[in-house]
Structure formats: structure tokens, C-alpha cells
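Analysis of the macromolecular model
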Number of protein chains: 2
Amino acid sequence: MAAGSKTLESPAAPCCPQVTDAPLGDTEAAVLAQTYAALADPVRLKLLSLIAASGEMCSCELVEPLAKSQPTVSHHTRILADAGLITGDKRGRWVYWSVVPTRAAFVRQALGS
Amino acid sequence: MAAGSKTLESPAAPCCPQVTDAPLGDTEAAVLAQTYAALADPVRLKLLSLIAASGEMCSCELVEPLAKSQPTVSHHTRILADAGLITGDKRGRWVYWSVVPTRAAFVRQALGS
DNA sequence: GCGATAGATCGATAGTTGTCAATGCGTGAG
DNA sequence: CTCACGCATTGACAACTATCGATCTATCGC
């Protein structure tokens, strides 16, 4: 344990800090896992694709194509929103859901691969 | 909602078949969800990053950095292998795990975003 | 104000999953 | 052959999650 940081054991810093260099810290892993957990459900993937395709949909428009009850749809939109993938805009009695702009590329890729 | 290109159902295949066009079928959604489910665990993400960083690791080398029991590590490697993300090569008493070559780009992206 | 509607929340339940101890199965060293 | 070691499998248990019915809150039309 001669020197400094325990997490980085390479004695000489290499020229190319590749992404796969660090073994992914606990916190990062947890955050990433939560994001992927949000995508790990068929209903949420279909929900995401519906929103991504339409640009904007209210919850009531999602119940029928997903063939799930209204509380269940609300549950899934909440999880996707907590993961930071979609955001809801309340206008009158309706809540319009859309993909978070900064995550649009990620979502498109997630649905397309 | 005039939106000409939105309802794009013309029989003639256009030049750009966008991903968000179809609402993601049941089967595709299920397959995709399984893949993301494999990534929806912090331990598996760290395991993946360890393998991706080292290129090749045997199970016994994973137990300590993951701080999980041997059966648990075996459980996680199996799930990642079932998802087609890693593959195991048995050499003697050891099984060496590595990222499936055709999925390397996907894995790197999954760990990096 | 009143009834109707959109959506969130609560409570309950069935199914899934992460974890470990114990055990089984090959393989290599002696 | 026998023992030690690496790894997979089994069984059990706790934690989490998807789902729905019932209920509550907020908003609109009348």
C-alpha cells in the first residue's frame, strides 16, 4: 500500500484512459442498473415506443394499446419518469408524456437495438 | 395534426425506415426486455465491466471483487450468458468468461452511457 | 355547486429474483 | 486411486415487482 489511491492500481498512468479501465464503482453501477431496470419490462418498452413514436401521449391514450389497467399504466409511467426517461406535462385534466429531450438518443437506441 | 410523415404506412418502402414507426410488437418487446433485465443488476454490471476490462476472467477471480459467494457469481454469469452477452470457455478446471465478440460494441455502450 | 372524467395512490396478491449454505460433478495433482 | 479445487445445481428464504380493484384528488362542463 505504498501509494495513494487504492482503486487505481496501475502504477504508471497510461496514455489512453479507456472506458473499460475502471471496474465500475458501486454508485455508478446502481444508477445504471436502475436505468436498465426501467427498460426491463415489455409493457414499459411498448409504452416508451408509443410515446417516442407519437412524440406526446396522455395516459388515457396508453391504456388501450397496452391492454393494462389505468393504475398499472400509471405505475409504469412513474417508473420511466423516475428513471429520467420520460417526463409528464399536466395540461388540464390530462398528463401528456414525452421522452426527455436529453435522453432521446438513448431511448431511440434502446428501442432500436 | 396535419403531420404528413407521421402516419407512414405507404406500401413502398421509404428510404428511411425509422425505428419509432412501429409500436414495438409483443415478441420484440419481450426479447428486448430480457436483454435489459440482464443489465438491471449492479452486480452483473460490475461483473461485465470486470470482464470487459480484463478481456478474460475465470469465475474464481470474480468472487472477491464482487464480494459475493461463489454460487451467486455463478448465477450471474449464467444470466449474462443466457442473454448472449458473455461466453464461457472451460479450460481445465477453470471457466474463462469473455464478452461475446458480436456484442462487444453493445456492452461497451451499455457500460459507458 | 354538481356530476363526470383523468390520473395518482393504497392495499392485496401472485410471481419473480438475488442471495447463501449445502451438495454434486469434473478435472488435475499427488 | 484419492484428494483438493473450480464450478454448477439445488433448496430455501427474503426482497422486490407487476397487476388489479377500490378509493382519493383535481379539473372541466353544465
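That block above? That's the structure.
These lines cover the structure that appears in this document, whether it is placed above or below. Residue numbers run consecutively from 1 along every chain, following the written order of its sequence. Following the order in which they are written, the chains are lettered starting with A and the ligands numbered starting with 1. Totals for whole chains, interfaces and linings use all residues, but because this is a predicted model, local features are given only for residues with pLDDT of at least 70 and pairs of side-chain atoms are given and counted only at 80 or more.

Remarks on the overall build of chain A
- Each helix and strand in chain A was counted, giving 5 helices and 3 strands.
- Secondary structure follows DSSP: runs of H or I at least 4 residues long count as helices, runs of E at least 2 residues long count as strands, and numbering of each begins at the N terminus. In sequence order, chain A lays out its α and β elements as α-α-β-α-α-β-β-α.
- By the convention adopted here, residues make contact when the C-beta atoms placed from their backbones lie within 7 Å. Long-range pairs, those at least 24 residues apart, make up 48% of the contacts in chain A with a sequence separation of at least 6.

Some remarks on the interface of chain A and chain B
- At the interface, 27 residues of chain A touch 28 residues of chain B.
- Among the elements of the structure, helix 1 (26-39), helix 2 (42-54) and helix 5 (104-112) of chain A are those that each provide at least two residues to the side of chain A that touches chain B.
- For this classification, Asp, Glu, Lys and Arg are treated as charged, while Ala, Val, Leu, Ile, Met, Phe, Trp, Tyr, Cys and Pro are nonpolar and the rest, including Gly, are polar. Taken together, the residues of the side of chain A that touches chain B break down into 19 nonpolar, 4 polar and 4 charged.

Some words on the relation of the copies chain A and chain B
- Aligned on chain B, chain A shows an RMSD of 0.2 Å; the corresponding rotation is 179° and the shift along the axis is 0.0 Å. Both copies are brought into coincidence by an operation consistent with a two-fold rotation axis. Among all residues of chain A, the one whose C-alpha sits closest to the rotation axis is Y36(A), at a distance of 2.7 Å.
- A symmetric contact is evident, with 100% of the interface residues of chain A recurring at the interface of chain B. Overlaid copies result from least-squares superposition on C-alpha atoms, with residues included only where pLDDT is at least 70 in both.

Brief notes about the protein's contact with DNA strand C
- As a rule, any residue with its backbone-derived C-beta atom within 6 Å of a molecule or strand is reported as near that molecule or strand. If you check the shell around DNA strand C, you find 23 residues, and the closest are C58(A), C60(A), P71(A), S74(A) and T72(B).
- Elements supplying a minimum of two residues to the surface near DNA strand C: helix 3 (59-66), helix 4 (70-82) and strand 3 (94-99) of chain A together with helix 4 (70-82) of chain B.
- Counting residues per element, the surface near DNA strand C draws most heavily on helix 4 of chain A, at 5 residues.
- Split into classes, the residues belonging to the surface near DNA strand C amount to 9 nonpolar, 9 polar and 5 charged.

Notes on the protein's contact with DNA strand D
- Among the 24 residues in the neighbourhood of DNA strand D, the closest are listed as T72(A), G92(A), C60(B), P71(B) and S74(B).
- A class-by-class count of the residues in the surface near DNA strand D yields 9 nonpolar, 10 polar and 5 charged.

Points about the nonpolar core
- The biggest cluster of nonpolar side chains holds 46 residues, and the ones touching the most others in it are L48(A), I51(A), L48(B) and I51(B).
- When residues no more than four places from it in sequence are discounted, the contact partners of L48(B) are L80(B), L85(B), V107(B) and L111(B). As used throughout, a nonpolar core is a set of buried Ala, Val, Leu, Ile, Met, Phe, Trp, Tyr and Cys residues joined through C-beta atoms within 7 Å of each other. For every residue, the other C-beta atoms within 10 Å of its own C-beta are counted; 20 or more classify it as buried, 12 or fewer as exposed, and values in between as partly exposed. C-beta atoms are placed from the backbone.

Some details on the sheet that holds strand 3 (residues 94-99) of chain B
Residue and element names in this part refer to chain B.
- We treat two strands as partners when DSSP finds at least two bridges between them. Taking strand neighbours across the sheet as the criterion, the 3 strands line up as 1-3-2 in an open arrangement whose pairing is antiparallel. The open sheet terminates on both sides in strands that have one partner only, identified here as strand 1 (57-58) and strand 2 (86-91).
- Where strand 1 and strand 3 come together, 2 bridges link them in antiparallel fashion. Bridge pairing in strand 3 links C58 to Y96.
- Docked against the sheet, helix 4 engages strand 2 and strand 3, running at close to 120° with respect to strand 2. For every element, the axis is a line fit to its C-alpha atoms; helices are fit only across the contacting stretch, and the angle between N-to-C directions ranges from 0 to 180 degrees.

Observations regarding unusual backbone geometry
- The backbone phi angle of A67(A) is positive, close to 60°, even though this residue is not glycine.
- Taking the number of C-beta atoms within 10 Å as the measure of exposure, A67(A) has 11 and is therefore exposed.

Here we look at the packing of helix 2 (residues 42-54) of chain B against helix 5 (residues 104-112) of chain B
All names here are of chain B.
- As a packed pair, helix 2 and helix 5 sit with axes 11 Å apart at the nearest point and diverge in direction by 125°. Viewed along their axes, helix 2 and helix 5 adopt a mutual orientation that is oblique. Helix 2 and helix 5 meet at a crossing whose hand is left-handed. In this structure, helix 2 uses L45, L48, S49 and A52 to contact helix 5, whose residues at the interface are V107, R108 and L111. Put simply, angles under 35 degrees are roughly parallel, angles over 145 are roughly antiparallel, angles from 65 to 115 are roughly perpendicular, and the rest are oblique. A clockwise turn of the near helix away from the far one marks a right-handed crossing, whereas an anticlockwise turn of less than a right angle marks a left-handed crossing.

Concerning helix 4 of chain B
Residues and elements named next belong to chain B.
- Helix span is expected to be 1.5 Å times the residue number reduced by one. Here helix 4 contains 13 residues, and its C-alpha end-to-end distance of 18 Å stays within 8% of the 18 Å for a straight helix at 1.5 Å per residue.
- For helix 4, the set of buried residues is V73, H76, T77 and L80. Viewed end-on, helix 4 has its buried residues packed into an arc of 100°, placing them on one side of the element. Opposite its buried face, helix 4 presents the exposed residues P71, R78 and D82, each directed more than 90 degrees away.
- The inward-facing, buried residues of helix 4 contact helix 1 (26-39), helix 2, helix 3 (59-66), strand 2 and strand 3. Taking the helix axis as origin, the arc is that swept by the directions to the C-beta atoms.

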